[in-house]
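Each chain is listed here by its residues.
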Amino acid sequence: MSAVVAEHDEHHDHGPAKGLLRWVVTTNHKDIGTLYLVFALAMFFVGGTMALIIRAELFEPGLQFVEPQFFNSMTTMHALVMVFGAVMPAFVGLANWMIPMMIGAPDMALPRMNNMSFWMLVAGVLLLASTLFMEGGAPAAGWTLYPPLVLQTGAALPFAIFSVHLLGISSIMGAINIIATILNMRAPAMTLMKMPLFVWTWLITGFLLIAIMPVFAGAVTMLLTDRFFGTSFFDAAGGGDPVLYQHIFWFFGHPEVYVMILPTFGVASTIIPVFARKPLFGYSSMVYATASIAFLSFIVWAHHMFTVGMPMAGELYFMYATMLIAIPTGVKVFNWTATMWKGAMTFETPMLFSIAFVVLFTMGGFTGLMMAVAPSDFQYHDTYFIVAHFHYTLVPASIFILMAAGYYWLPKWTGHMYDEKIGRLHFWLSAISVNVLFFPQHFLGLAGMPRRIPDYAVQFADWNMVSSIGAFIFGFSQLLFVYVVIKTINGGTGEKVTDEVWEDAAKHGLEWTLPSPPPYHTFTTPPATVPTEHF
Amino acid sequence: MKKTKQLFACLCLMAFGLETAQAEYALNLMQGVTRLSHDIYDLHMLILWICVFIGIAVFGTMFYSIYHHRKSKGHVAAQFHESTKVEIIWTIIPTLILVSMAIPATKTMLKMDDVQEADMSIKVTGWQWKWEYDYLDSGVHFFSSLDEASNRARQLNSGIDPRSVPHYLLNVDKPLVIPTKKKIRFLFTAADVIHSWWVPDLGWKKDAIPGFINEAWTSVEKPGTYRGQCTELCGKDHGFMPIVVIAMDEPDYSAWVDEQKTQAKINKSLADKNWSQDDLMAKGETVYVNNCASCHMADGAGMAGTFPAITGSPVVTGAIDAQIDLIYNGKGMMPAFGQMLSEVDFAAVVTYTRNALGNAVGDSVQPSAIKALKASLPEPADEDEDEE
């Protein structure tokens, strides 16, 4: 009997198609995961180049390199490319690679839609990038696309809006696929409360995406009809309200920032226990905290708009609700600390990036709390203080954790060990330069420098120069990561990695029970048992 | 021991020296010059210290653990992984801290919102890219935009060192003047896109939104000059529309108001005067540099694809009425200058563009003609006020 089954399996277990077409038509979750990750890394460098153009212009007072309009296009496009082209796709890529392997599923639930969702993302980002070459230049009204300013965009406006539609559809399809996979394809032994936290955080993120992307699509469609079809949703002269757009946008925009941070929490909760050699502290409280943060993210949007002139009751409500987010976020930070407490820690590159994430994300959380306090926000709002805040929650948080995830799973994906020395060099250069880059921006904001300006008064010159120096070191340090990835794919250090790769990793996740690298198809039959380390 | 002491003293001196030599490395929020701005500063410091305290506790614990609980030191991992008691403690304590923050925050918030019983009101209108001030009680009215020295230095590769320009990018041609120790109510609106009016020393910023009116108030204790900027991205020259507020004690302020009223009368008579072509051209050049050159370029060449050239433009070299209409009402990214420019400035810049920058149409327009045109048209900015 078993011989028959084996033969049957072999017959179906064909490898990938040959040639380039493999990557175009693939429905394999590992291939699509790789596509997403490679695309995200490429866009990280595109968005990073834009950031360096910004920082080069801000290196000294006076305009040296670009016209103000192009500068505004750069800040706008940098944000859009990083959010929709780099961070979100990178997490979808991780989800594609890891979720089936973490829950004991053979593939994603909807493999064909998976392929479509990736290629639609590429189309959307390329369309967005093409606006750089259009008459009137790329959108320059900030990534928030506030009217009436955004309606002054040249030929690029309808293309940018259509690109947002494509990116939205792609995200929704990705989210549906992930939710369907998690809810339907778990190994029988993998009950919900035994799922790794990365899976949990993505399940919740998936619901966030499905709830918010249509709202954003609706908002930009209203911009489209205001500009081309004579409506006046956002035009006071026609009975509309420009602030209405901001309410709609931030109803999308606030949960959107959690779309980028919840999976980050999941990866951190996956990596820290492995290198502390201890189970994650407070697993169920982590799940509940994630769900609470997701819920709260829907009811705090107007804290982005304290200065638009809301009624007092509105200001107070949004202040109190925003402050509440500190509670579940605090629980998470305390849990990570307790996980490390009395562990037996080692500090390989994934762990270094994860610890830096906990520390630096917490700093971003502190400034978030400061800005939640509405009266003080009347000073902080739209200054470099907020630029520092959200970059702390995105760069040394989301980006650092994506790097950690890369180092953590690369040996599993490729079967080769990465170069630990270069990994650590990459970490230390990044961790130091990211603070040189963003910490002085707190000072600039408090001293009175508004955001989104191409030139500044001379009293801001010194810290801007420091920040720009940090930016260039940080930017070029990331090339080390590319070097490590390419080297690892091509054989790495030559050291043979085991299935577990990391000491006792199989106790923490199903993916470590598979060979390194895993065969093209894995868990064609669900595993009988799942790790129960946390329970 | 002696050596260590010397080294320490040396380091202290160095640190001190650095601080005095480069006072520009500002670190903290400014306290400001109003009672409200002091309240906000205190709130800021309270929360900052709470965050620092929590940070020291959490990071301290973490770094203790990182130092002591490492495998290389032979530490064996404990296996505890749950404690409902601990989870409840670290949920309740932060909640209490948040409540202690929310109480003073709410008090300050209520104070900020109270615009009642103001001594005077100033309407502030944001334009791309200047501010319009309208003293509702005394009738003083003017536009305020980036000063000429900053404007020249801020052009791409201008060759002018910004450090040589006094108050680079934070100086205007005509500052807002307010009396000290009076409660002043500000009304904010905008003519084109959303702007935001921020003077850090007053403690707040408020958005100026087309079609809507926002309110805020201030009461400055000390005479002085306070500078700020637009803080809501409002297009190309968002970084170049500063705010300067001069607070004056009472006799000085009244004198300033009287001076403005006299000046307004003189300006009115200027519009009725018959201007020579040369005078209009001379005036027009200044108006062009301050209002038009940032898009259409100093030489009138424009920017391909975005801003049309003035040189040889079919509008500028065509019928004069059509050009006046375009400048008056704006089009697309071009702001409506009808209300922004005085009759004299308007007539001067029309005349200038038609007869300079490579154009030689030869005709001109008198300020009195623009005045007649203004009288015949409704003022576009007034539509907004109906919404209040």
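Just so it is clear, the model here is predicted, and its values are computed rather than measured.

Q: Just checking my understanding: could you explain the sheet that holds strand E3 (residues 141-144) of chain B for this structure?
A: All names here are of chain B. Taken together, five strands build an open sheet; the order of strands is E3-E2-E1-E5-E8 and the sheet is mixed. Edge positions in the sheet fall to E3 and strand E8 (214-218), since each of these pairs with one other strand and no more. Averaged over all neighbouring strand pairs, the angle between strand axes comes to 25°, with direction disregarded. In the sheet, strand E5 (residues 184-190) pairs with E8 via five bridges, with the strands oriented antiparallel. Bridge pairing in E8 places Ile184 opposite Thr218.

Q: Sorry if this is basic, but what is going on with the interface of chain A and chain B here?
A: The interface of chain A with chain B comprises 104 residues on the first partner and 95 residues on the second. Here chain A and chain B share an interface that buries about 8,700 Å² over both sides, 68% of which is from carbon and sulfur atoms. When the buried area of chain A at its contact with chain B is split by residue, Gln152, Phe378 and Gln379 of chain A rank highest and sum to 8% of it. Along the contact surface separating chain A from chain B lie one salt bridge. Note that Lys71 of chain B and Glu503 of chain A form a salt bridge whose closest N and O atoms lie 2.5 Å from each other. On inspection of chain A and its partner chain B, the count reaches 24 residue pairs in polar contact (both at pLDDT 80 or more). With nine residues, the single largest contributor to the side of chain A that touches chain B is helix H11 (residues 326-340) of chain A.

Q: Sorry, what's going on with the domain arrangement of chain B here?
A: Often, the extent of an interface is quoted as the loss of accessible area on bringing the components together. Residue and element names in this part refer to chain B. Considered domain by domain, chain B is made up of domain 1 (24-70 + 79-112), domain 2 (120-265) and domain 3 (271-383). The gap between the C-alpha centroids of domain 2 and domain 3 is 24 Å. At the interface, eleven residues of domain 2 touch twelve residues of domain 3. Around 1,100 Å² of area is buried between domain 2 and domain 3 when both sides are counted, 57% of it from carbon and sulfur atoms. Three residues stand out in domain 2 for area buried against domain 3, namely Trp127, Lys130 and Lys236, and they jointly supply 39% of the buried area on that side. Where domain 2 touches domain 3, the interface holds zero salt bridges. With three residues, helix H4 (residues 148-153) is the largest single contributor of residues to the side of domain 2 that touches domain 3.

Q: Would you mind going over the packing of aromatic side chains with me for this structure?
A: One pair of aromatic rings is described through two measures. These are the centre distance and the angle between the planes. Within the structure shown, the criterion is met by 63 aromatic pairs over all chains. Ring plane angle 55° and centroid distance 6.1 Å describe the contact between Phe198 of chain A and Trp409 of chain A, whose orientation is recorded as tilted. Taken together, the residues span a long stretch of sequence, with Phe198 of chain A in helix H7 (residues 197-228) and Trp409 of chain A in helix H14 (residues 384-414) at a distance of 211 residues. When sorted by exposure, Phe198 of chain A lands in the same class as Trp409 of chain A, which is buried. Positioned above the aromatic ring of Phe240 of chain B is the side chain of Arg154 of chain B, whose terminal nitrogen or guanidinium carbon lies 4.1 Å from the ring centre.

Q: Help me understand the nonpolar core in this model?
A: One recurring pattern in soluble globular proteins: nonpolar side chains tend to sit buried together. Counting 265 residues, the largest nonpolar core has Tyr135 and Trp197 of chain B as the members making the most contacts within it. Ranked by residues supplied to this core, first place goes to helix H4 (residues 68-103) of chain A with 23 residues. Two domains each donate at least three residues to this core, and these are domain 1 (24-70 + 79-112) and domain 2 (120-265) of chain B. When sequence neighbours within four positions are dropped, the list of residues in contact with Tyr135 of chain B reads Met120, Ser121, Ile122, Val140, Phe142, Leu176, Val177, Tyr253 and Trp256 of chain B.

Each value, and the rule that gives it
Residues numbered from 1 in each chain as written. Chains lettered and ligands numbered in written order. Predicted model: local features only at pLDDT ≥ 70, side-chain atom pairs only at ≥ 80, totals over all residues. Heavy atoms only, no water. Pairing = 2+ DSSP bridges. Helix = DSSP H or I, 4+ residues; strand = E, 2+ residues; numbered from the N terminus. Axes fitted to C-alpha atoms, helices over the stretch in contact; angles between N-to-C directions. Contact = heavy atoms within 4.5 Å. Buried area = accessible area lost by both parts, 1.4 Å probe. Salt bridge = Lys/Arg side-chain N within 4 Å of Asp/Glu carboxyl O. Polar contact = N/O pair within 3.5 Å; in protein donor to acceptor, adjacent residues only side chain to side chain. Domains from an automatic or database assignment. Phe/Tyr/Trp six-rings, centres within 6.5 Å; stacked < 30°, edge-to-face > 60°. Buried < 20%, exposed > 50% of the residue type's maximum accessible area, 1.4 Å probe, protein only. Lys NZ or Arg CZ within 6 Å of the ring centre and 35° of its normal. Core = buried A, V, L, I, M, F, W, Y, C linked by side-chain atoms within 4.5 Å.

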